[in-house]
Amino acid sequence: MKVLNVGLTFVRHGETPHNKEGLLQGQAIDSPLSETGMQQAEAVGQYLKDVHFTNVFVSDMLRARQTAEAIMKHNSSCLGLRMMCEPLLKEKSFGVAEGRCVKEMIEMAKAAGQSFPSFTPPGGETQEQVKERVKKFLEKMLQQLGTEHWHEHRQDETLSTPPETSPVEGKPDDGVSF
C-alpha cells in the first residue's frame, strides 16, 4: 500500500490592537499585528525554526500573513516556498458584532435567549458553516498535497515504520506566552 504521511502545524496569529482591546475582528476587520503580536510571531518563528515544512497555507488576512512571514523567515525549509493565502482559513465571521467588544456579543446572545458559544449574530457564520468551510479547506489541501508530493514515493513503497517525529512536538495549549 502506498502511504503519504502528512503532518500539520497550526499557529494562531499574533496579537492585534483589536485583540488587546477585547474587540471581535472576524473577517471584515483586517488589522495588522501589534508590536506585541510581531514579537509573538518572531518567537513562534524561532520555536518552529527546525520543523521541516513542504507547504505553508495561511489565511488571507493581514495578521495571519504577517505571522506566517515571521515563521518562514526563521525556517530554512521555507526558502523557496510560496505562502498559499487561502480565504477558507479566515476566522469565524461575527457579522454585525465585528468591531464590537466580546462583552457586547455576550449581551446580544443573552437578549436572543441563547448561550454565547452557540450564538450567531446577524450576518455571522454558524458553527456548522465554519466546520463546513474548514472541511472544504482540508479536502482542497489534501488534494494539493497528494498532487504535489505523491510522486516522491515509489509506486511499490510500503511504509511500515512510523515517520520521523518533528523536532518540535506540541501539545494543546503549549504555546509561548508573554
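Residues numbered from 1 in each chain as written. Predicted model: local features only at pLDDT ≥ 70, side-chain atom pairs only at ≥ 80, totals over all residues. Heavy atoms only, no water.

Some thoughts on the overall build of the protein chain
When helices and strands are counted, the protein chain shows five helices and two strands. Taken from N to C terminus, the helices and strands of the protein chain fall in the order α-α-β-α-β-α-α. Counting every position in the protein chain, which comprises 178 residues, the buried fraction comes to 34%. Surface summary for the protein chain: the accessible area is close to 11,400 Å², and the carbon and sulfur share equals 55%. (Helix = DSSP H or I, 4+ residues; strand = E, 2+ residues; numbered from the N terminus. Buried < 20%, exposed > 50% of the residue type's maximum accessible area, 1.4 Å probe, protein only. Areas by Shrake-Rupley, 256 points an atom, 1.4 Å probe, with all protein chains shown as cover.)

What about the confidence of the model for the protein chain?
Low pLDDT marks stretches whose predicted atomic positions should not be read closely. Confidence in the prediction for the protein chain averages 87 pLDDT; 84% of positions are at 70 or higher. With pLDDT under 50 throughout, residues 154-163 is counted as low confidence; its partners more than four residues away or in other chains account for 10 contacts. (pLDDT = per-residue confidence, 0-100. Contact = heavy atoms within 4.5 Å.)

Some words on the packing of aromatic side chains
For the coordinates displayed, the defined rule picks out one aromatic pair. Look at phenylalanine 57 and phenylalanine 137: their rings are 5.6 Å apart centre to centre, the planes differ by 75°, and that puts the pair in the edge-to-face class. Within this pair, whereas phenylalanine 57 is found in strand β1 (residues 56-58), its partner phenylalanine 137 is found in helix α5 (residues 127-149), the two being separated by 80 residues in sequence. (Phe/Tyr/Trp six-rings, centres within 6.5 Å; stacked < 30°, edge-to-face > 60°.)

Some remarks on a nonpolar patch on the surface
A cluster of nonpolar side chains, contributed by Val6, Leu8, Phe10, Val134, Leu138 and Leu142, occupies part of the molecular surface with about 540 Å² of accessible area. Mapped onto the fold, leucine 8 is located in the segment before α1 (17-20). With a relative accessible area of 44%, leucine 8 lands in the partly exposed category. (Patch = residues over 30% accessible without salt bridge, like charges linked within 9 Å, V, L, I, M, F, W, Y side chains within 5 Å. Salt bridge = Lys/Arg side-chain N within 4 Å of Asp/Glu carboxyl O.)

Observations regarding the packing of helix α2 (residues 35-47) against helix α3 (residues 62-73)
At a minimum axis distance of 7 Å, the contact between α2 and α3 shows a crossing angle of 35°. Here α2 runs over α3; the crossing is right-handed. Contacts from Met38, Ala41, Glu42, Val44 and Gly45 of α2 reach α3 at Gln66, Thr67, Ala70, Ile71 and Lys73. Looking at the contact of α2 with α3 residue by residue, the classes come out as five nonpolar, three polar and two charged. (Axes fitted to C-alpha atoms, helices over the stretch in contact; angles between N-to-C directions. Left-handed = near helix turned anticlockwise from the far one by under 90°. Nonpolar A, V, L, I, M, F, W, Y, C, P; charged D, E, K, R; others polar.)

With respect to the side chain of lysine 92
Assignment of secondary structure puts lysine 92 in the loop between β2 (83-85) and α4 (102-111). Within the buried set, lysine 92 has no salt-bridge partner at all; the shortest N-O distance to an opposite charge, 7.4 Å, is to glutamate 125. Setting aside chain neighbours within four positions, we find lysine 92 in contact with Gly26, Gln27, Glu98, Phe119, Glu125, Gln127, Val130 and Arg133. (Lys, Arg positive; Asp, Glu negative; His and termini not counted.)

Some remarks on the side chain of histidine 149
As for its position among the elements, histidine 149 is in helix α5. Taking relative accessible area as the criterion, histidine 149 reaches 12% and is therefore assigned buried. Of note is the side chain of histidine 149, whose polar atom sits 2.8 Å from the side chain of asparagine 55. For histidine 149, the residues in contact, after removing those within four places along its chain, are Leu4, Thr54 and Asn55. (Polar contact = N/O pair within 3.5 Å; in protein donor to acceptor, adjacent residues only side chain to side chain.)

Here we look at α2
Its 13 residues place the ends of α2 18 Å apart at the C-alpha level, agreeing with the 18 Å of an ideal helix rising 1.5 Å per residue. If you check which residues of α2 are buried, you get Gly37, Ala41, Val44 and Gly45. When α2 is viewed along its axis, its buried side chains cluster within an angular range of 105° and face the same direction. Lining the buried residues of α2 we find α3. (Expected span 1.5 Å × (residues − 1). Arc of directions from axis to C-beta.)

Some remarks on the environment of valine 11
Following the sequence through the fold, valine 11 ends up in the segment before α1. When its relative accessible area of 36% is taken as the criterion, valine 11 is described as partly exposed. Measuring from C-alpha to C-alpha, the distance between valine 11 and valine 58 comes to 9.3 Å, with 47 residues separating the pair along the chain. Residues within four places of valine 11 in sequence aside, it is in contact with Val44, Leu48, Thr67 and Ile71.

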